[in-house]
Amino acid sequence: MNPITPIINGMKITLKHMFMKPVTLQYPTERPKVAARFRGLHALNVSHDKAKCVACYLCPTVCPAKCITVEAGEDANHDKFAAVYEIDILRCIFCGYCVEACPVDAIRMTGEFELANYSRKDFVYSKDRLLEKK
Amino acid sequence: MVNLTIDDNQVTAPKSSTIYEAAKLNGIKIPILCHDNKLKPFGACRMCLVEVEQMKGRQIPACTTPVTEGMIVRTATPDIVKARKMVLELLLLNHPIDCPVCDKAGDCDLQNLTYEYKVNANRFTDEKFHHKIDYNNPLIERDMNRCVLCGKCARICDEIVSFGALTFIDRGIETKIGCEFEDALNCEFCGSCVSVCPVGSLLARPFKFKARFWSLTKRKSVCGYCGTGCNLTLGIKDNKVLTTLYDENQGFHKGQLCVRGRFGYQFINSNKRLTAPMLRKEGRLTESTWEEALQIVADHLKGGNSVAALATPRLTNEELALFKKMMVENVGSKNFDHSAGYAHSALTEGFVRSFGTSASPASILDIQKSDLLLVIKTDAYETHPVIGFEINMGVKNRDIKLNILSDKRGKLSKLPGAKTLVHRPGSEVAILNAMAKSILDDKLVDASAASVPGFAELVKELAAFTPEAVAAQSGLKAADIKQLAGSYAAAEKALILFPIGQAYAGHNAELASAVANLAILTGKFDKEGCGVLCMAEKNNSQGAVDMGFYAQNGGMDGLRIIDACAAGAVKTLFIAGENPLISYPNHTKVKAALGAVECLIVADLFLTETAAMADVVLPACSFAEKEGTFTSTDRRVQHIEPAIRKSAQCKSDFEIFSALITKLGGTPPANPAAQFAEISAATPGYAGMSYLSLGSEGVFAPVAVTPALVLPKSAAVVAEEGSLSLVIGSVLYHSGTLSQYGEGPMHVCPEGYLEISRKDALLKNITDNDPVTVTSSAGSVKLKAKVTSRMPDGVVFAPYHFGAAPVNTIWSGAAVTMVTLAK
């Protein structure tokens, strides 16, 4: 083979890509469009102004990374609610099992992916931070 | 034995068993919701349907059908599976299916069966129940919406607990489990119903929403309250004991527990637990280090006989043996004791002289094998509720006759056919002597008795105790005493039970000899179903006696140690776990004595009233945090292992004594196992035991009996005009002073009270919950009145457990105290 041929073949690919739509984004000025089933930061669903979560402990049970902490409480009507609901996002592997296990559709995963922060404790999302924003 | 075929397997089963039991025995699982191995077959749930070839393939319930020879049983044909699926569909029809918020999820029989039989949909539709949920008591929540009407709660409450709080009410689709008049549950809160409920209808409120069943670590242990020696399964999460779990195969009691065992565990992880050693500096207890505290303790222990020790019989055998060794070898003092000195005298003096041994010549298992039970004091139920359950079951299921000699009526008196003789308080010994006299007079004496040492003397000395004479002073009829004696002597097998404890000063060596005399005269000992069972108060009371942790060879006993403290003869007092300020007689005297000692050292879990007076306080460990052995009242030696890790600043008493022995120049044993090896080599009956051989069930230490007849002295109680006889004792919900730190018992019974008869209450114009000032020659205390029908006129009762209004301010150690009441 002529030693110049591979170089020409390589340059052909390079030239072809010069006229194609780029795969990279000019983040942060350009924003990606996340898919509907993207698994980003969790959110706790709300119904009747209350978190739907009934603190059944299925999500911490199923969680392979053991990143969910739930502590149940008893409210004035003797009903069960999550007095503590925390997700340690540093440990989370975003597998979505928690969403799958939830019997009351109380947790979902949002498109939120910008989770960088400055201190470790800020990565532990408390119930307040997880509650779905209206 | 019967031969039958189950699912093509040739199996054998006892003649009396049902198909369900035969299958279970041979490892074949039949699904069921309404069965518990302690209860009688009921046949409520229809899950255990099986086909029997001889019955033309009809589907019959396995749990109520007895096995017959040659029976061919099929347990899982497609037809049966279909039928079971439908049973589940019908059960789930009205069930709320609120598993996510139901605490039973994970341990729920209905949930497990629904999963196993893949009942994913329901062909039927109906409205769910809307029963009101009973949140009226702090321990048991009743949600009848989840109920599957298996009836286990109602049956266990009737058959075993014999309380009868729950039953089926209404009929048909309206049927539900309820209390009388559909009222709130108000019972003795043993939680047996909670333990057997196959669904989440009955739940333990102290554990509600605390953790999921599957996240609990299950650790076996032995209950740390009374001397029955019940086995526990502790449910642990994050190093905290959150609940006790039910295991129907555990222990002689088959998982059955009382209110203390089931709901009294909170003291283990209480936030009132001591967290660091404390020293008294400038009059105040301040936190210190172990090194400093132990050095001060060791320095003060170098005082020979001016050092004394009191230990609680809640310590393990190893700790008690090591404590004794430290006192004798390293300190050089003979002054050590437990349980105020008198509470173990029935064993250490009474049984020693009458039976030649310091243990009961009978076991709890003898109850079911007996024909007649003679119970001294109805309090036997309150002090040892699980032994009480055994009595209930014996009387109800086996027609065992129950005779009770008591100064008040009680729950045992309500059993079918129970005969209670209510006598004047303090006359037990005289009555028992009169029974012995009556047995001699009526020639009911066993042939073996004449050769027992002391027989001739006893016959002579009993002359004064004619039933007629005793009847006059005890308030009974002579005929009743004779009849009681006659029925005891006539029974082929008879067992006498009596509780002992710090509250039962009258249950001393004299009473022990008096009951021993009856057993020896009629030859009812050393045989199955016969003997005398002395029910030791605390979980290791018998062990403390076996370890010899009591005053011997001229050492001072518990009460004399207190006196010696006050007199200045004892300069250092080491108290391990006892709370004499509340539980020993005469509050004022004990307080003065504890104040007078130069150095008071207290090792305890909590800053008890006694610990608050101490100069050095050492934080010790509970039974759940240490290894060792406990000896139950019938001398079953059981091994416990740490269920949770102890907190960093606590040391078990074993570690405390080991460290002190090292500081005093001795060599402590390497670990509890090494100490137990020493114990098994030196203690009669413990020979050959090791932690390995004890296993999970424990091993009985044999009791060798050499009978002797001794005349017990009976002290006459003189009634004073215008005053009432106060008897003190234990209440069902409490044990010693420890249960004050268990939330469960404190929810139900938070404070002391004075039980008074209706007539006396009327005379003194007292109604329920009135504060009453009770005054005796020793002092006075304010207690809430509780008017009940069980008290005889002229007698009042007060429990002794409570530090808030200590009953020992009016009680100075007499079996009966004369008191006056004022509103």
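Quick caveat: nothing in here was measured; it's all calculated off a predicted structure. (Residues numbered from 1 in each chain as written. Chains lettered and ligands numbered in written order. Predicted model: local features only at pLDDT ≥ 70, side-chain atom pairs only at ≥ 80, totals over all residues.)

*Asks:* In this structure, what is going on with the overall build of chain A? I would like to understand it.
*Replies:* Assigned secondary structure in chain A consists of four helices and seven strands. Going residue by residue from the N terminus, the α and β elements of chain A occur as α-β-β-β-α-β-β-α-β-β-α. Each of the 134 residues in chain A was classed as buried or not, and the buried ones make up 18%. By sequence separation, contacts in chain A at least 24 residues apart represent 72% of the contacts at least 6 residues apart. (Helix = DSSP H or I, 4+ residues; strand = E, 2+ residues; numbered from the N terminus. Buried ≥ 20, exposed ≤ 12 C-beta atoms within 10 Å, placed from the backbone. Contact = placed C-beta atoms within 7 Å.)

*Asks:* Is there a simple way to think about the interface of chain A and chain B in this case?
*Replies:* Interface size is often expressed as the accessible area that is lost when the parts come together. Listed as interface residues are 11 residues of chain A and, on the opposing side, nine residues of chain B. Of the residues that constitute the side of chain A that touches chain B, the class distribution is six nonpolar, three polar and two charged. (Nonpolar A, V, L, I, M, F, W, Y, C, P; charged D, E, K, R; others polar.)

*Asks:* So what exactly am I meant to see when it comes to the pairing of strand β4 (residues 68–74) of chain A here?
*Replies:* Walk down a regular strand and you will see the side chains alternate between the two sheet faces. Residue and element names in this part refer to chain A. Both β4 and strand β5 (residues 80–88) contribute to a ladder of seven bridges, which runs antiparallel. Bridge pairing in β5 links valine 70 to tyrosine 85. Between the end of β4 and the start of β5, which pair antiparallel, lie five residues, with histidine 78 showing a positive phi angle near 65°. (Pairing = 2+ DSSP bridges.)

*Asks:* How do you make sense of the packing of helix α7 (residues 290–301) of chain B against helix α22 (residues 653–663) of chain B when you look at a structure like this?
*Replies:* Each packed pair of helices is defined by two parameters, the angle between the axes and the distance between the axes. Residues and elements named next belong to chain B. For the pair α7 and α22, the least separation of the axes is 10 Å and the interaxial angle reads 60°. Relative to α22, the element α7 is oriented oblique. Read as a crossing pair, α7 and α22 show a hand that is right-handed. Contacts between α7 and α22 involve Leu294, Gln295, Val297, Ala298 and Leu301 on the former and, on the latter, Ala659, Leu660 and Lys663. Residue composition of the contact of α7 with α22, grouped by class: six nonpolar, one polar and one charged. (Axes fitted to C-alpha atoms, helices over the stretch in contact; angles between N-to-C directions. Parallel < 35°, antiparallel > 145°, perpendicular 65-115°, else oblique. Left-handed = near helix turned anticlockwise from the far one by under 90°.)

*Asks:* Is there a simple way to explain the sheet that holds strand β4 (residues 59–61) of chain B in this structure?
*Replies:* Pairing between the strands of a sheet comes from backbone hydrogen bonds, and it takes one of two forms, parallel or antiparallel. All names here are of chain B. The strand order β2-β1-β5-β3-β4 describes an open sheet built from five strands, whose pairing is mixed. Strands with a single pairing partner mark the edges of an open sheet, and in this sheet they are β2 (9–13) and β4. Sheet twist, expressed as the average angle between the axes of neighbouring strands with direction ignored, equals 40°. By the bridge criterion, two bridges tie strand β3 (residues 49–52) to strand β5 (residues 72–74) in an arrangement that is antiparallel.

*Asks:* What is the right way to look at the nonpolar core in this model?
*Replies:* For soluble globular proteins, nonpolar side chains are generally found buried alongside one another. Counting 265 residues, the largest nonpolar core has Met435, Val515 and Cys534 of chain B as the members making the most contacts within it. Considering each element in turn, this core owes the most residues, 10 residues, to helix α17 (residues 509–521) of chain B. Apart from the residues lying within four places of it in its own chain, the contact partners of valine 515 of chain B are Ile376, Leu432, Ile496, Phe498 and Val532 of chain B. Core analysis: the next-biggest nonpolar cluster, separate from the first, contains 22 residues, Ala55, Ile68, Ile87 and Cys98 of chain A among them. (Core = buried A, V, L, I, M, F, W, Y, C linked by C-beta atoms within 7 Å.)

*Asks:* Any chance you could explain the sheet that holds strand β19 (residues 419–422) of chain B here in plain terms?
*Replies:* Residues and elements named next belong to chain B. Spatially, β19-β18-β17-β20-β21 is the arrangement adopted by the five strands of the open sheet, whose pairing is parallel. The open sheet has two edge strands with one neighbour each: β19 and β21 (531–535). Strand-to-strand twist across the sheet, computed as the mean angle between neighbouring axes with direction ignored, equals 15°. Here strand β17 (residues 372–376) pairs with strand β20 (residues 494–499) via four bridges, running parallel. Residue pairing for β20: leucine 373 is matched across the bridge by leucine 495.

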